[in-house]
Amino acid sequence: MIVLLAIVGGVTAGLVLQPTVPLDLQPYLPIAVVAALDALFGGVRAWLEQIFNDKVFVVSFIGNVLVASLIVYLGDKLGVGGELSTGIVVVLGIRIFSNAAAIRRHLFRA
Amino acid sequence: MSLLVDLWTNALDPGYAATARSGGRPGSWTRRVVPLAVGLVAASFLVVIAAVQAHARAPAAARAHERLVAQVQQESKAVADLSSEVDRLRAVTGALRDSSLQGSAAGAALSTQLARAELAAGTVAVTGPGLRVTLDDAPATGAGQGNQGQGNRVEDRDLQGVVNALWASGAEAIAVNGQRLTGQSSIRSAGDAILVDFQPLRPPYVVEAIGDPVGMETTFAQSAAVARMRSYVQLYGLRFGYARASGLELPAGVEEQLHDARPVHPPATKQSTPNEKGSG
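Residues numbered from 1 in each chain as written. Chains lettered and ligands numbered in written order. Predicted model: local features only at pLDDT ≥ 70, side-chain atom pairs only at ≥ 80, totals over all residues.

Caption draft 1: Geometry of the nonpolar core. Grouped together as the largest cluster of nonpolar side chains are 35 residues, with contacts concentrated most on A:Ile31, A:Ala32, A:Ala35, A:Ala36 and B:Leu46. At the level of elements, α2 (28-48), α3 (54-78) and α4 (81-108) of chain A together with α3 (29-101) of chain B are the ones that each hand at least two residues to this core. Here this core takes 12 residues from α2(A), the largest share from any one element. Ignoring sequence-local partners within four residues, the contact set of A:Ala36 consists of A:Phe61, A:Val65, B:Ala43, B:Leu46 and B:Val47. Residues B:Leu131, B:Leu166, B:Ala225 and B:Tyr232 belong to the second largest nonpolar core, which totals 33 residues. (Core = buried A, V, L, I, M, F, W, Y, C linked by C-beta atoms within 7 Å. Buried ≥ 20, exposed ≤ 12 C-beta atoms within 10 Å, placed from the backbone. Helix = DSSP H or I, 4+ residues; strand = E, 2+ residues; numbered from the N terminus. Contact = placed C-beta atoms within 7 Å.)

Caption draft 2: Fine view of the pairing of strand β7 (residues 205-210) of chain B. Residue and element names in this part refer to chain B. Burial analysis of β7 places five of its six residues in the buried class, which makes it a mostly covered element. Where strand β1 (residues 126-136) and β7 come together, six bridges link them in antiparallel fashion. For Leu-131, the partnering residue across the bridge sits in β7 and is Ala-209. As defined by bridge partners, strand β2 (residues 173-176) adjoins β7 across four bridges and the pair is classed as antiparallel. Note that in β7 the partner of Ile-174 across the bridge is Ala-209. (Pairing = 2+ DSSP bridges.)

Caption draft 3: Fine view of the interface of chain A and chain B. With 38 residues of chain A at the contact, the number on the chain B side is 30 residues. Residue assignment for the side of chain A that touches chain B shows that the elements contributing at least two residues are α1 (2-17), α2, α3 and α4 of chain A. The residue inventory of the side of chain A that touches chain B, partitioned by class, reads 25 nonpolar, nine polar and four charged. (Nonpolar A, V, L, I, M, F, W, Y, C, P; charged D, E, K, R; others polar.)

Caption draft 4: Fine view of the environment of B:Ala138. Residues and elements named next belong to chain B. With respect to the helices, strands and loops of the structure, Ala-138 is situated in the loop between β1 and α5 (146-151). The partly exposed category is assigned to Ala-138, around which 18 C-beta atoms lie within 10 Å. The sequence separation of Ala-138 and Gly-237 amounts to 99 residues, and the corresponding C-alpha distance is 5.0 Å. Those residues in contact with Ala-138 that lie beyond four places of it in its chain are Asn-152, Tyr-236, Gly-237 and Leu-238.

Caption draft 5: Molecular detail of the confidence of the model for chain B. All names here are of chain B. On average, residues of chain B carry a pLDDT of 81, and 88% of them reach 70 or more. For chain B, the element scoring lowest by mean pLDDT is helix α10 (residues 273-279), at 42; β7 scores highest, at 92. Considering only residues more than four positions removed or in separate chains, one finds that residues 143-149, a stretch of pLDDT under 50, has one contact. Confidence over residues 269-280 falls short of pLDDT 50; this stretch has two contacts with residues more than four positions distant or in other chains. Across the interfaces of the predicted complex, the ipTM metric reaches 0.76, alongside a pTM of 0.49. (pLDDT = per-residue confidence, 0-100.)

Caption draft 6: Local environment of helix α8 (residues 224-236) of chain B. All names here are of chain B. Over its 13 residues, α8 runs 18 Å from end to end, which matches the ideal 18 Å to within 8%, given 1.5 Å per residue. Those residues of α8 that are buried lie in contact with α6 (156-168) and β8 (239-250). Following α8 by one or two positions, Gly-237 adopts a phi angle in the positive range, close to 75 degrees. (Expected span 1.5 Å × (residues − 1).)

What follows is the structure, given as structure tokens:
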């Protein structure tokens, strides 16, 4: 219930406010989204395995987004921006995929 | 490999398992729900603004691309207009010069000399029989193979070789895709395009050379450039061919203005100079 409300609230806030992301922050947005998706899928899987913990969820979400953005920032400064972003996308992509597979196993027992 | 296996098996944040093992759930309802709600709101907010951003930016990128394309076309048209204007003005000055030179006998002699020099320098349009050589890239292989695609293109060296072979076979005037070659022409590549006198060409490349068709063809056919092109046809699938042609029309080349170069011996004394040196 609270989950649904929170998601609806976030989506409406995003749609209503339509904030313009500052140009400096735009490179970090896709990576931040991938990190957020990773945290979300991890949370759902943990919930299905009945070990969900809200504190771990929030901390992992904020931590993931920050670390991912930091790595992209570092990559930019070191001149290897694209490569490091690719690395993050690969790592988080694999995690998302395997979490999604675990969720699928829980939901459909297959 | 172990890194990938590790990633796959430990996809879930280890924090969940750790807190589950320690078994401690913080007591109050608000302390559990508020952070969760804040986290979810933040996560969905982030996803939505990213989506909005991507949606808003895509048309902007397309618009910028369109604007650039339009700008390129407009500027190319301006260049074409200006060069046709230059051609027209050059014709006018040529006619004026001829009419003022025709006044005297010395002027008339100078005029014919000038006409011959212009013909040799390639700054007047010419017509005559000759050879037409066609070079083209290999047909697209379909699959996007980067290196393969690079290998199957006509390169500036090939075009240079063919043009040099034509000059060596006795060509008197040569044009590549309608670009007349003069003493200061260059054939080189920039990126994927071959430039002749800084004008990018698009394949197929048609080299038209005016000269004695039979003699030129005989010599050209035996040249190293043709042998090389034939092997490229076999190896890389490039397309290459030549045929005799009559009534080729080559446009005038761009007349280069020499600003700093001066003859070592002034033209008037040039003929007598060797004799003087021989006797002295």
